[in-house]
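As a plain string of letters, each chain reads:
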Amino acid sequence: MAETLVIPQTTDRRAIYDSLIPQIAALIEGETDLVANLANITAALKEAFGFFWVGFYLAKENQLVLGPFQGPIACTRIAFGKGVCGAAYTRGETILVPDVDQFPGHIACSSASKSEVVVPVFDREGNVRMVLDVDSDQLNDFSEADAKGLEQIAALITAL
């Protein structure tokens, strides 16, 4: 297992994802513990991009429950269908939010969060088993490059 990531010195997020995704794949390859893998994925994303908050919410007991994350403390439980995470879970699709204050029903786990992208993570049968949530303290900080890169990372988890 590598102890460090090789992150290109660029502001081009697509280039960073292109470098990071195979490193994450190698990092989780052969590891069967889901929590360990999710923890390393959040750490890799935080290190590569410096996101304000990055983490997972896992479907448990008919709600989303906080899993491994990097950043300030967070909401522990989110109802299905509530907020951006609950909406992404219920819809089974990535949601990109340029301004969280404009998202109906946004849950403010941190008032410093300004934009957000949430990606559903599926099991092998195609059911949503968790979401990958990434927050920024800047407005309009995420693009389709982030959505696509995070979806590729979510696909690595599906394969576990």
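Please read all numbers here as calculations on a predicted model, not as lab measurements.

## A few points about the environment of alanine 25
Topologically, alanine 25 is positioned in helix α1 (residues 13-28). Through-space distance from the C-alpha of alanine 25 to that of isoleucine 41 is 9.4 Å; in sequence the pair is 16 residues apart.

## Remarks on the pattern of salt bridges
Side-chain pairing between opposite charges can occur once the charged atoms of the two side chains come close. Using the criterion set out here, one finds five salt bridges in the structure. Arginine 13 is the salt-bridge partner of aspartate 146, the closest N and O atoms lying 3.0 Å from each other. Note that aspartate 146 is positioned in helix α4 (residues 144-158) and arginine 13 in helix α1, a separation of 133 residues in sequence. Here aspartate 18 ties to arginine 14 by a salt bridge, and the two come within 3.0 Å at their closest N and O atoms. One end of the pair is aspartate 18 and the other is arginine 14, both in helix α1 and four residues apart, which spans about a single turn. Judged by relative accessible area, which is 47%, aspartate 18 ranks as partly exposed.

## Here we look at the state of the cysteines
Counted under the stated rule, the structure contains one disulfide. The side chain of cysteine 75 participates in a disulfide bridge whose partner is cysteine 109; the two sulfur atoms lie 1.8 Å from each other. Looking down the S-S bond of the cysteine 75 and cysteine 109 bridge, the torsion is -120°, so its handedness is left-handed. You can see cysteine 75 sitting in the loop between β2 (63-70) and β3 (77-79) and its partner cysteine 109 sitting in the loop between β4 (95-97) and β5 (115-122), a full 34 residues away along the chain. With no disulfide of its own, cysteine 85 lies 7.3 Å from the sulfur of cysteine 109, the closest cysteine sulfur.

## Considerations on the packing of α1 against α4
In the contact formed by α1 and α4, the axes pass within 10 Å of each other and the chain directions differ by 10°. Our classification of the angle between α1 and α4 gives roughly parallel. Of the residues in α4, those touching α1 at Arg13, Arg14, Tyr17, Ile21, Ile24, Ala25 and Ile28 are Ala145, Asp146, Lys148, Gly149, Leu150, Gln152, Ile153 and Leu156. The class makeup of the residues in the contact of α1 with α4 is nine nonpolar, two polar and four charged.

Criteria and cut-off values
Residues numbered from 1 in each chain as written. Predicted model: local features only at pLDDT ≥ 70, side-chain atom pairs only at ≥ 80, totals over all residues. Heavy atoms only, no water. Helix = DSSP H or I, 4+ residues; strand = E, 2+ residues; numbered from the N terminus. Salt bridge = Lys/Arg side-chain N within 4 Å of Asp/Glu carboxyl O. Buried < 20%, exposed > 50% of the residue type's maximum accessible area, 1.4 Å probe, protein only. Disulfide = S-S within 2.5 Å. Axes fitted to C-alpha atoms, helices over the stretch in contact; angles between N-to-C directions. Parallel < 35°, antiparallel > 145°, perpendicular 65-115°, else oblique. Contact = heavy atoms within 4.5 Å. Nonpolar A, V, L, I, M, F, W, Y, C, P; charged D, E, K, R; others polar.

Function-wise, these values are silent; they only describe arrangement.
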